[in-house]
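Chain by chain, the residues run as shown.
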Amino acid sequence: MLKLCQKISRHFKTSSRLLNNIEVFVDGTPVSVAPDYSILQACQKAGVVVPHFCFHERLAVSGNCRMCIVEIEKMPKVMTACSMPVSPGMRINTKSEKTYNARGGVMEFLLANHPLDCPICDQGGECDLQDQSALYGYKIGRFMEYKRAVEDKNYGPLVATVMTRCIHCTRCIRFYEEVAGIPILGTTGRGRETEVGTYVEKMVHSELSGNLVDLCPVGALTNAPYAFTARPWELRNVMSIDPTDSITPSIEISCKGGEVKRVLPRLHEEVNEEWIHDRSRHAFDGLKRQRLNACLKKKADGSYEELTWKDALEVLAEEVSKTSGNDMVGIIGEFMDVEAVVAFRDLMYKLGCENIDAKKNGVKLSPDFRNNYLMNSRISGIEEADLLLVIGANLRLDSPVINARVRKATVLNGLNVGLIGTDDYLTYDHTHLGTSTSALTDLLKGTHPFAKTLEKAKFPMILVGANVLKREDGEAVNSVIQEIAKKYNVIKPESNWNGYNVLHNEVGTVAALEVGITSEYDPKAKPKFMYLLGADNFKPDEIPDDAFVVYQGTHGDEGASRANLILPGASYVEKSGSYVNTDGRVSLGKKAIPAPGQAKADWEILRALSEVLGQTLPYDNLQEIRYRIAELAPHLIKYDYVEPYSLSWHTVPVKGEVNKTVISDFIDNFYMTDAISRASPTMAKCSEAFNPARNTNFVPEVPIR
Amino acid sequence: MLAARHFLRRTFSSALATHRDTAYNNRDTPFDFTEENYQKITTILTHYPPQYKRSATINLLYLAQKQCDGWVPLAAMNKIAKILEISEMDVYEVCSFYTMFNREPVGKYHLQVCGTTPCMIRGAQDIIKTIEHECGIIKDQTSKDGLFTLTEVECLGCCANAPMLQVNGEKVYEDLTPETMKAMIDAWKAGKEPKVGPQNGRTCAEGIQGRTTLKAQPNVWPDRDFAKAKDDYQKRLEAEAQKKKEEAAAAAAKK
């Protein structure tokens, strides 16, 4: 019944749309705008700045800050530009005296209860209220009474609150309700006593909570780990991308001196809109801890000996010369850039080793055709689809940014979401088809109740989590999924629609597949030499005891602890590199800060090693290695571009047994999934705050989530 | 004391805009509507389209307040959110916004004295002082015996009979003086119910010289025999049906 009601409510207010643009006049200049534009949008189109606080493009219009008021001819009163739709021939006056006075009045009211603590406020220098009061406010205030004080709320360890500064724009409330899908915030009380908060005492928690800081126009919600470390004018901002999230969201890395101070999202409509999740934003402080900054050799007694690069490479060369190519194995780690992967591939092939894998027991996919292992509908395709079947992924934890987009699509387009795997609160309504693989076989037979819905869908989308493909029967399960996709016409060449998608959770895997690295070696074989290129997430028993292990990477984590020789690598903020996301989009990461100690970019280390081995790789700088990349895969040097995929099937069905076991999502703790986040103190705080049962030894009996 | 008064000050009759867990009011306090109230809820919900169930929030909050002797516990708000299938925060927002909902327990008699201009001019402050003196409380407090809670409220629409007092949001006492107020409090203390309405003997809002107009019972309804009208209507319907039948018969005969 509830679902029915919600469906009705979605279409309750629909009225016929005018299709032609209409003309309005902003300060006398004619602008042609769509009829559903608000005055504010029309002004923006005309290039006129209208000050505002509560209006945000990605949130519902609330119209409660009153700052955007403008004068409209033939209207007796000033109107809020954000909530008033345009009408033909409307004459908007943003520079009249009436508008100026009204804005000044609103600003005076906003400042009446806003504390004058800009010098000690973290928002200072990038505060909307500060800027706009300087531009539009009166010179003096007339408010002589006491200012009110409001109790601070608990928004978790990532968001610091000073609620006295709140001007009740309700952006955070709308964000939590509309984007994050957790209606936990609201305004309580009335008049002067209004407060934004949760009413009852509880912690606000979402995987996207860091975005509140960007939304808050004042200093009420600020970045807690960044608190009092830098002022915005001291920061040097580098426009980069974040490879720790498999969608490679665009980010801005703010540095001061040789240190990353904070990470902010950048606008990218087709990837991350303007959100990033908390791990993307806050895990960077793991880059300062547990770092490998010198070459280390493990001695027989278990202690480490520091080596120079020359010595280390010679030790390594000696070890390599002892081993034949067939006894070597190379494993590519989670965050590897295409340059490192290509150099690694070239070097290993030169040494006669073909046992390279993105990950031991990794994703079982063929790199021959791109549409077999990428997200073919693309992330923005979620908004075009009318049905989404998620298999073996908990989107809320695997990719919160994609989850936010799915939620948006469910609300705006009525996207129907089905889930096979562990059920959870995904922030939107979804149908749970089953937890085990038997749901898949039922779906293939057509006996599952969801089959009819899938059949009717015009643009169905199947999203396969990478965890499913890591199962022992991963290939067989993938085969079944592809059979389902074929049966229900998920690829529709006539509408240019390919609905078969793989959601990877590591960019290193995608990079390896893109340059054609296959994983066709026997996982039971016992190699004598293992080269771990930043690979950390593996089980200890996957490495034979007597093997010589080289770990080249950033952190002293699982990989380094097993390694006989450690080579320090640069992390994603310390090297320039290109990354391929789960979409197949190639994006460019930029160097923001120098690498610590002796650490070098991964491809540089491999290049140096090749020279010591006498197998010199033919590239000396980034440009040359990118030519080499273009030789292997020309599309990998087209940045921020998605090469169109084929719209047909290229797979041969695998005859294997599907185990009727539970498909589980493997993310145990969202805040600690990789070496960087495991080393991050902020992420440790989050784990303890949000997920105490799993992550502390001290609070044993607290219900999980 | 001043600090305490400030803390307890109920701005617009609500102590705090947030909830504090107490022994008598927390998430786990048992609350459920009575069977009778559930029937009322079913009726209330028929007033709104099914997708706009949330419109019934205020009505349900009133029911809960009545059931819980004049205040709405947190558990009741959560129950309402469940019934209306909305988020708990939505109910908290409504309940904390409206001043007529008490989110803390009140006395058996919740004395709401109007303090708006006409009542103030006619001595509302004296009435408040009398209550404060007689019950041993100040504004926004509950007396120790749990009988009285005093609040000053905005206009309740009895300006012609100012000053006035509303009790438990239901009964209205008008034309008060400190003496009559004292007598009323004594009556309540003695377990009696004072007369509702003007306390100075006049009826309703009559002027000083008594009723001058509308002395006779007005004849609101015109004389009309409803039974006859219904009968006529039936006859007319029958005649029309008969006529149609005849016409149809004539047409058939022609063919």
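Since we're looking at a predicted model, the values are computed, not measured. (Residues numbered from 1 in each chain as written. Chains lettered and ligands numbered in written order. Predicted model: local features only at pLDDT ≥ 70, side-chain atom pairs only at ≥ 80, totals over all residues. Heavy atoms only, no water.)

> Would you take a moment to explain the overall build of chain A for this structure?
Regarding its fold elements, chain A presents 22 helices and 29 strands. A compact globule built from 705 residues would reach a C-alpha radius of gyration of about 27 Å, and chain A, at 28 Å, matches this within 12%. Over its C-alpha atoms, taken along the principal directions, chain A stretches across nearly 90 × 60 × 55 Å. Put simply, chain A has 705 residues, and 58% of those count as buried. Look at the contacts in chain A between residues 6 or more apart in sequence, and 69% of them connect residues 24 or more apart. Here chain A has roughly 29,600 Å² of accessible surface; of this, 52% comes from carbon and sulfur atoms. Across chain A, 81 positive and 90 negative side-chain charges occur, with their mean positions spaced 5 Å apart. (Helix = DSSP H or I, 4+ residues; strand = E, 2+ residues; numbered from the N terminus. Rg over C-alpha atoms; globule rule 2.2 N^0.38 Å. Buried < 20%, exposed > 50% of the residue type's maximum accessible area, 1.4 Å probe, protein only. Contact = heavy atoms within 4.5 Å. Areas by Shrake-Rupley, 256 points an atom, 1.4 Å probe, with all protein chains shown as cover. Lys, Arg positive; Asp, Glu negative; His and termini not counted. Charge placed at Lys NZ, Arg CZ, Asp CG, Glu CD.)

> Looking at this structure, I do not really get helix α18 (residues 602-613) of chain A. What am I missing?
An α-helical turn contains 3.6 residues, so any two residues separated by three or four positions project in the same direction. Residue and element names in this part refer to chain A. For α18, which comprises twelve residues, the first-to-last C-alpha distance of 17 Å matches the rise-based estimate of 16 Å (1.5 Å per residue) to within 8%. By the burial criterion, the buried members of α18 are Asp-602, Trp-603, Ile-605, Leu-606, Arg-607, Leu-609, Ser-610 and Leu-613. Check the buried side of α18 and you find it contacts α8 (309-322), α9 (338-350), β24 (529-533), β25 (548-553), β26 (565-568) and α19 (622-632). Looking one or two residues beyond α18, the residue adopting positive phi is Gly-614, at roughly 80°. (Expected span 1.5 Å × (residues − 1).)

> Help me understand the UniProt feature "domain: 4Fe-4S Mo/W bis-MGD-type" (unreviewed entry) in chain A, please; the structure alone is not making it clear to me.
Within this numbering scheme, the UniProt entry marks residues 235-291 of chain A as carrying the feature "domain: 4Fe-4S Mo/W bis-MGD-type" (unreviewed entry). Structurally, residues 235-291 of chain A is divided into 9% helix and 35% strand, and its ends, taken at the C-alpha atoms, are 23 Å apart. (UniProt positions renumbered as here; feature names shortened; annotations may be inferred.)

> Help me understand the confidence of the model for chain B, please; the structure alone is not making it clear to me.
Low-confidence regions, as indicated by low pLDDT, have predicted coordinates that should not be scrutinised in detail. Residues and elements named next belong to chain B. Model confidence for chain B is summarised by a mean pLDDT of 89, while 93% of its residues fall at 70 or above. At the level of individual helices and strands, chain B shows its lowest average pLDDT in helix α1 (residues 2-8), which scores 42, and its highest in helix α2 (residues 35-45), which scores 96. With pLDDT under 50 throughout, residues 1-13 is counted as low confidence; its partners more than four residues away or in other chains account for 18 contacts. What the predictor reports for the complex is a pTM of 0.88 with an ipTM of 0.86. (pLDDT = per-residue confidence, 0-100.)

> Please clarify how the domain arrangement of chain A should be interpreted in this entry.
A common way to express how large an interface is: the accessible area buried when the components associate. All names here are of chain A. Assigned domains within chain A: domain 1 (2-223), domain 2 (232-288), domain 3 (304-364 + 509-637) and domain 4 (374-503). Placing a centre on the C-alpha atoms of domain 1 and another on those of domain 4 gives a separation of 37 Å. Facing twelve residues of domain 1, the contacting portion of domain 4 comprises 13 residues. Roughly 980 Å² is buried in total at the junction of domain 1 and domain 4, and carbon and sulfur atoms are behind 47% of that figure. Taken together, the links from domain 1 to domain 4 amount to one salt bridge. In this structure, the salt-bridge partner of Arg-396 is Glu-207, at a minimum N-O distance of 3.0 Å. Taken together, the connections running from domain 1 to domain 4 amount to four residue pairs in polar contact (both at pLDDT 80 or more). (Domains from an automatic or database assignment. Buried area = accessible area lost by both parts, 1.4 Å probe. Salt bridge = Lys/Arg side-chain N within 4 Å of Asp/Glu carboxyl O. Polar contact = N/O pair within 3.5 Å; in protein donor to acceptor, adjacent residues only side chain to side chain.)

> Can you help me understand the pattern of salt bridges in this one?
Side chains that differ in charge, positive against negative, can pair when their charged atoms come close. All names here are of chain A. Applying the stated rule across the entire model yields 50 salt bridges over all chains. When the shortest N-O distance is used, the salt bridge between Lys-153 and Glu-195 registers 3.1 Å. Taken together, the residues Lys-153 in the loop between α4 (128-136) and β6 (159-161) and Glu-195 in strand β8 (residues 195-197) connect sequence positions 42 residues apart. Considered together, Lys-153 and Glu-195 belong to a single accessibility category, that of buried residues. The network of salt bridges with shared partners includes Arg-58, Glu-269, Glu-273, Glu-274, Glu-383, Arg-405 and Lys-408.

> So what exactly am I meant to see when it comes to the side chain of Asp175(B) here?
All names here are of chain B. Within the secondary structure, Asp-175 is located in the loop between β4 (171-174) and α8 (178-189). A distance of 2.8 Å separates the side chain of Asp-175 from the side chain of Arg-202, its partner in a polar contact. Beyond its immediate stretch of four places on either side in the chain, Asp-175 contacts Asn-161, Ala-162, Pro-163, Thr-180, Pro-198, Gln-199, Asn-200 and Arg-202.

> How should the sheet that holds strand β2 (residues 148-153) of chain B be read in this particular structure?
Residues and elements named next belong to chain B. Here five strands make up an open sheet; going across it, the order is β2-β1-β3-β4-β5 and the pairing mixed. Of all the strands in the sheet, the pair left with one neighbour each is β2 and β5 (197-198). Bridge count between strand β1 (residues 109-114) and β2: six bridges; the pairing is parallel. The partner of His-110 across the bridge, within β2, is Thr-149. Running at roughly 10° to strand β3 (residues 165-167), α8 makes contact with β1, β2, β3 and β4 of the sheet. (Pairing = 2+ DSSP bridges. Axes fitted to C-alpha atoms, helices over the stretch in contact; angles between N-to-C directions.)

> How should I be thinking about the packing of α9(A) against α19(A) in this particular structure?
Between two packed helices, the angle of one axis relative to the other and the distance separating the axes together describe the packing. All names here are of chain A. Two numbers describe how α9 lies on α19: the axes approach to 10 Å, and their chain directions differ by 70°. Classified by the angle their axes make, α9 and α19 are roughly perpendicular. Here Val-338, Glu-339, Val-342, Ala-343, Arg-345 and Asp-346 of α9 come into contact with α19, specifically with Leu-622, Ile-625, Arg-626, Arg-628, Ile-629 and Leu-632. In terms of residue class, the contact of α9 with α19 is built from seven nonpolar, no polar and five charged. (Parallel < 35°, antiparallel > 145°, perpendicular 65-115°, else oblique. Nonpolar A, V, L, I, M, F, W, Y, C, P; charged D, E, K, R; others polar.)

> For this particular structure, what's the right way to read the pairing of β26(A)?
For a regular strand, side chains alternate in direction, first toward one face of the sheet and then toward the other. Residues and elements named next belong to chain A. Along β26, one buried face is formed by Leu-565 and Leu-567 and the opposite face, lined by Ile-566 and Pro-568, is buried too. As paired strands, strand β13 (residues 295-298) and β26 are joined by two bridges and run antiparallel to one another. Across the sheet, Lys-297 pairs through a bridge with Leu-565, a residue of β26. Bridging between β25 and β26 involves four bridges; their strand directions are parallel. Paired with Gly-553 across the strands is Pro-568, a residue of β26.

> Before we go on, may I ask you to explain the UniProt feature "binding site: [2Fe-2S] cluster" (unreviewed entry) in chain B in this structure?
All names here are of chain B. Following the UniProt record, one finds the feature "binding site: [2Fe-2S] cluster" (unreviewed entry) at Cys-114, Cys-119, Cys-155 and Cys-159. With the annotated positions falling across 46 residues, the maximum pairwise C-alpha distance of 9.4 Å places them together in a single cluster. Relative to the elements of secondary structure, Cys-119 occurs in helix α6 (residues 117-121). Under the relative-accessibility criterion, Cys-119 is labelled buried at 2%. Mapping Cys-159 onto the fold places it in the loop between β2 and β3. Cys-159 sits in the partly exposed class, given a relative accessible area of 37%.

> Sorry if this is basic, but what is going on with the environment of Asn394(A) here?
Residue and element names in this part refer to chain A. Structurally, the position occupied by Asn-394 is in the loop between β17 (387-391) and α10 (395-398). Sequence separation of Asn-394 and Val-654 is 260 residues, and the distance between their C-alpha atoms is 26 Å. Within the local environment of Asn-394, its side chain forms a polar contact with the side chain of Asp-424, the two groups lying 3.1 Å apart.

> Would you mind showing me how to read the UniProt feature "domain: 4Fe-4S His(Cys)3-ligated-type" (unreviewed entry) in chain A here?
Under the feature "domain: 4Fe-4S His(Cys)3-ligated-type" (unreviewed entry), the UniProt entry names residues 98-137 of chain A. Overall, residues 98-137 of chain A shows 60% helix and 0% strand. The separation of its end C-alpha atoms is 14 Å.

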